[in-house]
Amino acid sequence: MKKFLKHTVSLLVLFLTISSCYEETTIPIISDFEITFINEDKSVPVRINVSNKTEGADTFEWTFEGAGVTSSTNKNPGTIRYTKAGNYKIKLKATNKDGAEDVVEKNIELFEEIDIQFSTEIIDSNYPPVEVQVKNETIGENISYLWTFEGGIPNTSTDKNPKNIVFEKEGTHTIKLEVSNGFESFIKEQKVEVLPVPTIDFDWQVDFFDDDYQAPVTITLNNKSTDVISYLWTFERGIPNTSTEENPSVLFSNIGTHNIILEVSNGKQTRTLTKTIEVLENTNLRTFEDVQLGINTAHNSNTIGAFFSGELRKVFTANEVTNENGSKIDLVFLGLNDSFSFNKFLSPNEIATNGFIAIPNATKTNIINTQENCNCGVSINESKFNSMIDDSILKTTTITETPSGLLHFDKNKTPRIILFQTEDGRKGAVKIKQFIEDGSNSYVICDIKIQKLP
């Protein structure tokens, strides 16, 4: 019995000893965590990942100051989101079953969100000098601004809303804004186009019937000015006297020199240019020199025409005659062969019986082929023809068509003067200067003088 009691006491002592040793070895807690900024972005809105590195803990109590989720009891709270800039504390309190406790705190600094927004407004126009107003609509506080105005006055600014900038030189200029929150910077650019300074120039095109510049003369202006927005023409003694059209037409009826003045503007700058036009006295005579008229074969093969129009100032071959121009043909030359043994001028409405196809809408022209035979009381020789500087000789000449005056002629007399009068009353004269023998392409060379259209 004594032996049993002794053994029992020994076991009790051993149990108490082991129990005492167990209380002295409580597991300690080492609290720690790691913060990672997603995309390394510290400008709000910000998301962070919190990774728990604590050892020896069983329970966790997180506090997230300023975050969307302010607390958590998860070992790893996951992604935490912040929407406002500032300095915030993250606190972790860790405990275990033995009653151990440890607290760790860390701070994070979050910066303002940067969303660069600015606009430019051109004051007045893009013509120099160009004044530009900048409107800064960038969101955020506690951020800095650095403006660069390429070629502008001023060249730079650190104001949130800078004063108006002036660009004086033409070309494309860059406005650049760099915004920083102390952690990162962002840049945005816009372009400003400054148009060139105005240039001024013009010429004109004279009306087809007035290219001899004899009164009256109608011209159409050809404006060559660039980079302008308005025009003011002044026509000395012209009709109209002024115009604001870009390319106006004007009539000058008075003989003499007239000023044409153009003033252009781009809204800021004005330039003026003056040119002169000389209007000559009206001779009422139009002269054509070295006109070639082909014999029948040349005309019908469309090589050298035999039809002449004073109004259109053109010789027509057979294939060029139309319903539109037929009525404007004044003369038809008939050259029967390349030896020029039989030649005559015909009225356009009488050619169908002379080896030609009829002219549509043809008109009547009275003709005197041989003045020496006409017995019509006219005599205009080479000297008179050459002296015609106006229509005074033709005006006083009565052209009467007679059978003998319509007779043909050969090449033996050179020069030969042929007289004619068109259906609309214009009188004229032809001087044949040469007979050119070239087979089927033979032709005559002549000068023609004819009164102008009434």
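Calculation rules
Residues numbered from 1 in each chain as written. Predicted model: local features only at pLDDT ≥ 70, side-chain atom pairs only at ≥ 80, totals over all residues. Heavy atoms only, no water. Helix = DSSP H or I, 4+ residues; strand = E, 2+ residues; numbered from the N terminus. Rg over C-alpha atoms; globule rule 2.2 N^0.38 Å. Buried < 20%, exposed > 50% of the residue type's maximum accessible area, 1.4 Å probe, protein only. Contact = heavy atoms within 4.5 Å. Areas by Shrake-Rupley, 256 points an atom, 1.4 Å probe, with all protein chains shown as cover. Lys, Arg positive; Asp, Glu negative; His and termini not counted. Charge placed at Lys NZ, Arg CZ, Asp CG, Glu CD. Disulfide = S-S within 2.5 Å. Pairing = 2+ DSSP bridges. Axes fitted to C-alpha atoms, helices over the stretch in contact; angles between N-to-C directions. 1 Å grid on protein atoms, 1.4 Å probe; cavity = no way out; pocket = protein on both sides within 12 Å on 5 of 7 lines; lining within 4 Å. Points joined across faces, edges and corners; volume = space filled by probe spheres on them. Nonpolar A, V, L, I, M, F, W, Y, C, P; charged D, E, K, R; others polar. Salt bridge = Lys/Arg side-chain N within 4 Å of Asp/Glu carboxyl O. Core = buried A, V, L, I, M, F, W, Y, C linked by side-chain atoms within 4.5 Å. Patch = residues over 30% accessible without salt bridge, like charges linked within 9 Å, V, L, I, M, F, W, Y side chains within 5 Å.

Q: Explain the overall build of the chain to me, using residue names and the numbers behind them.
A: Scanning the chain for helices and strands turns up five helices and 32 strands. For the chain, the C-alpha radius of gyration of 53 Å lies well beyond 22 Å, the compact-globule estimate for 454 residues. Counting only C-alpha atoms, the chain reaches 190 × 50 × 30 Å along its principal axes. Taken across its 454 residues, the chain has 39% of its residues classed as buried. Across the chain, contacts joining residues at least 24 apart in sequence account for 57% of those joining residues at least 6 apart. Element-wise, carbon and sulfur atoms account for 49% of the exposed surface of the chain, whose accessible area totals about 24200 Å². Charge separation in the chain, taken as the distance between the mean sites of 43 positive and 63 negative side-chain charges, equals 4 Å.

Q: Which residues make up the environment of G405, and what are the values?
A: By the secondary structure assignment, G405 is in the loop between helix 5 (392-395) and strand 30 (416-421). In the structure, G405 is positioned 24 residues away from N381 in sequence and 15 Å away in space, judged by C-alpha atoms. Not counting chain neighbours up to four residues away, the residues in contact with G405 comprise I367, I368, N369, T370, N373 and C374.

Q: How would you summarise the state of the cysteines if you had to cite specific residues and measurements?
A: Applying the stated rule across the entire model yields one disulfide. Here C374 connects covalently by a disulfide to C376, the sulfurs 2.1 Å from one another. What sets the handedness of the C374 and C376 disulfide is the S-S torsion sign, and at about -80 degrees it is left-handed. Across the pair, exposure class does not vary: C374 and C376 are buried alike.

Q: For the sheet that holds strand 30, give the residues involved together with the corresponding values.
A: Strand order across the open sheet formed by five strands is 24-32-31-30-29, with antiparallel pairing between neighbours. Of all the strands in the sheet, the pair left with one neighbour each is strand 24 (285-294) and strand 29 (366-368). Strand-to-strand twist in this sheet, taken as the mean axis angle between neighbours without regard to direction, amounts to 20 degrees. Bridge count between strand 24 and strand 32 (residues 443-451): eight bridges; the pairing is antiparallel.

Q: Pulling in residues and values, what's your account of the layout of surface pockets?
A: Using a probe with the size of a water molecule, rolled over the atoms, empty space left in the structure can be pinpointed. Computed from the structure, the largest pocket encloses a volume of approximately 220 Å³. If you trace the largest pocket, you find 16 residues lining it, with F209, D210, R286, K452 and L453 closest to the centre. Taken together, the residues of the lining of the largest pocket sort by class into six nonpolar, five polar and five charged.

Q: Tell me what's going on with the pattern of salt bridges, and back it up with residues and numbers.
A: Counted by the stated rule, this structure contains 21 salt bridges. Among the ionic pairs, R426 bridges to D330, the shortest N-O distance being 3.1 Å. Of this pair, R426 sits in the loop between strand 30 and strand 31 (427-436) while D330 sits in the loop between strand 26 (314-316) and strand 27 (331-335); the two residues are 96 residues apart in sequence, bridging distant segments of the chain. Each member of the pair, R426 as well as D330, is classed as buried. Ionic pairing is found between E401 and K364, a salt bridge with its closest N-O pair at 3.0 Å. Of the two residues, E401 sits in the loop between helix 5 and strand 30 while K364 sits in the loop between strand 28 (343-346) and strand 29, which places them 37 residues apart along the sequence. Taken together, the shared-partner salt bridges connect D211, D212, R286, R313 and K452 into one network.

Q: Which residues make up the nonpolar core, and what are the values?
A: Judged by nonpolar contacts, the single largest core of 35 residues is most densely connected at L293, F307, F345, V430, I432 and I448. Listing elements by their share of this core, those giving two or more residues are strand 24, strand 25 (307-309), strand 27, strand 28, strand 30, strand 31 and strand 32. Broken down by element, this core gets its largest block of residues, six residues, from strand 32. Filtering out sequence-adjacent residues up to four positions away, I432 remains in contact with F345, F409, T414, P415, R416, I418, V444, I445 and C446. Membership of the second largest hydrophobic core comes to 22 residues, among which are A57, Y82, L92 and V104.

Q: Outline a nonpolar patch on the surface, supporting the account with residue identities and numerical values.
A: On the surface, a nonpolar cluster with roughly 250 Å² of combined accessible area is contributed by F208, F209 and L453. Take F208: it is sitting in the loop between strand 16 (202-206) and strand 17 (217-223). Overall, F208 belongs to the partly exposed group, its relative accessible area being 42%.

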